[in-house]
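This is what each chain is made of:
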Amino acid sequence: MTLAIALALVTVTSSGVAAVSTANYFQFYTALGQLQLNLKSLAYKTVGNLAEANITFTLDNPTEYRGISMLLFEPNFVVNASGETVTRPLGLSIVQEISKLDPGKMVRVAFPFNSTWNQSWQNVQFIFTITINLSTFLDQAASISTTYLCVSGGSPSTCEQVAVRIQGTGGFHGGGGGGGF
Amino acid sequence: MEKVVGRIAKNEKLGEILLVPLWGGSIAAVLFNSLFQNPYPTFLHYLIIFSLCLIAGALMQDIAKALLGFFTAMAVAIAILIGVSSVPAFSALSPEGGTFIESLMIVIIFQSTFPIPFITYLVASMIGALLGDRYLEGSFNLDWTRS
């Protein structure tokens, strides 16, 4: 009798706890697809044929999912000017402190940019390809990154998510393939 | 409700049949808690499942029944785990992404369950059945409406 009650109690308690984590898990993949990256500001000034810019992005999680953090922010961009692509791609890797992407929380990433080459800065269009490495509950088994494309002429804009990559690591020997939306 | 409980209490077979999905469901619930947060179980998760197997084995009161119950409960638990962990991936990701996550989850679930934990739980169920056979009198009684 006591044992039956003990079993029932453990079952009810563990089911209650599991229901919360399962409900959270059910929003995980939706959250990966809905992480919103915005180009908050792109202030640049030209000095002759050189340019300096301060670029700020924000990343936020519009879903109710808890458990994603940003590990690494890797912006890569080219600049189109005067109707042609005149710059070489610039790759940066900004190591952030692990920033939790809890619901409603916004993570801000800012970085400066100095052009080291001469070019025309008329009718400029910045084209960013940004890869964000995420930390999730799957860290021990898989690494997850998401890639965004942002185009801006100097004003704030919303970035478009172009891929989510999930790759097996460590003990997972299932082929190491990737998944995308 | 009282009628249902009374019927279960009188029917030993029905009680044992109901015990197996309860056993499997509770193992799955504990593993869900670890899978969706870590994803590998911690010592505490293993300890809870060990205790569950000990209790469920004792309630079976018979080695053969406990063995059959354990295998069925583990099959139920693993089926629930694979099913529930794969469903959201297929609904939110591309078919390739869904298949990849399903494979990943299957690997994690099997790594969390086999072989040492599985053998340990099996031993716990057997010990529970031996203790239940020796120290629990009569068929297991779920009737808490009568003392």
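What you see is a predicted model; the values in this text were computed from it and never measured. (Residues numbered from 1 in each chain as written. Chains lettered and ligands numbered in written order. Predicted model: local features only at pLDDT ≥ 70, side-chain atom pairs only at ≥ 80, totals over all residues.)

Topic: the overall build of chain B
From N to C terminus, chain B includes 6 helices and 0 strands. Going residue by residue from the N terminus, the α and β elements of chain B occur as α-α-α-α-α-α. Buried residues in chain B amount to 40% of all 147 residues. Partitioning the contacts of chain B with sequence separation of at least 6, the portion at a separation of at least 24 is 77%. (Helix = DSSP H or I, 4+ residues; strand = E, 2+ residues; numbered from the N terminus. Buried ≥ 20, exposed ≤ 12 C-beta atoms within 10 Å, placed from the backbone. Contact = placed C-beta atoms within 7 Å.)

Regarding the pairing of strand E1 (residues 36-47) of chain A
Looking down a regular strand, the side chains alternate between one sheet face and the other. Residues and elements named next belong to chain A. As paired elements, E1 and strand E2 (residues 50-60) share 11 bridges and run antiparallel to each other. When the bridges of E2 are listed, Tyr 44 appears paired with Ala 53. Taken together, the 2 bridges between E1 and strand E10 (residues 157-158) define a ladder with antiparallel strand orientation. What sits directly across from Asn 38, in E10, is Thr 158. (Pairing = 2+ DSSP bridges.)

Section: the confidence of the model for chain A
For chain A, mean pLDDT is 81; residues scoring 70 or higher make up 82% of the total. Every residue in residues 173-181 of chain A is under pLDDT 50, and counting partners more than four places away or in other chains gives 28 contacts. (pLDDT = per-residue confidence, 0-100.)

Some words on helix H1 (residues 2-25) of chain A
With 24 residues, H1 of chain A extends 34 Å between its outermost C-alpha atoms, agreeing within 8% with the 34 Å of an ideal straight helix rising 1.5 Å per residue. Buried within H1 of chain A are the following residues: Ala 4, Leu 7, Val 10, Ser 14, Ala 18, Ser 21 and Tyr 25 of chain A. (Expected span 1.5 Å × (residues − 1).)

Observations regarding the packing of helix H3 (residues 43-60) of chain B against helix H4 (residues 63-92) of chain B
Residues and elements named next belong to chain B. Closest axis-to-axis distance for the H3/H4 pair is 9 Å, and the angle between their directions is 135°. As far as their axial angle goes, H4 and H3 are oblique. For the pair H3 and H4, the sense of crossing is right-handed. For the pair formed by H3 and H4, the contact residues are Cys 53, Ala 56, Gly 57 and Met 60 on the first element and Lys 65, Ala 66, Gly 69, Phe 70 and Ala 73 on the second. When grouped by side-chain class, the residues that make up the contact of H3 with H4 number 6 nonpolar, 2 polar and 1 charged. (Axes fitted to C-alpha atoms, helices over the stretch in contact; angles between N-to-C directions. Parallel < 35°, antiparallel > 145°, perpendicular 65-115°, else oblique. Left-handed = near helix turned anticlockwise from the far one by under 90°. Nonpolar A, V, L, I, M, F, W, Y, C, P; charged D, E, K, R; others polar.)

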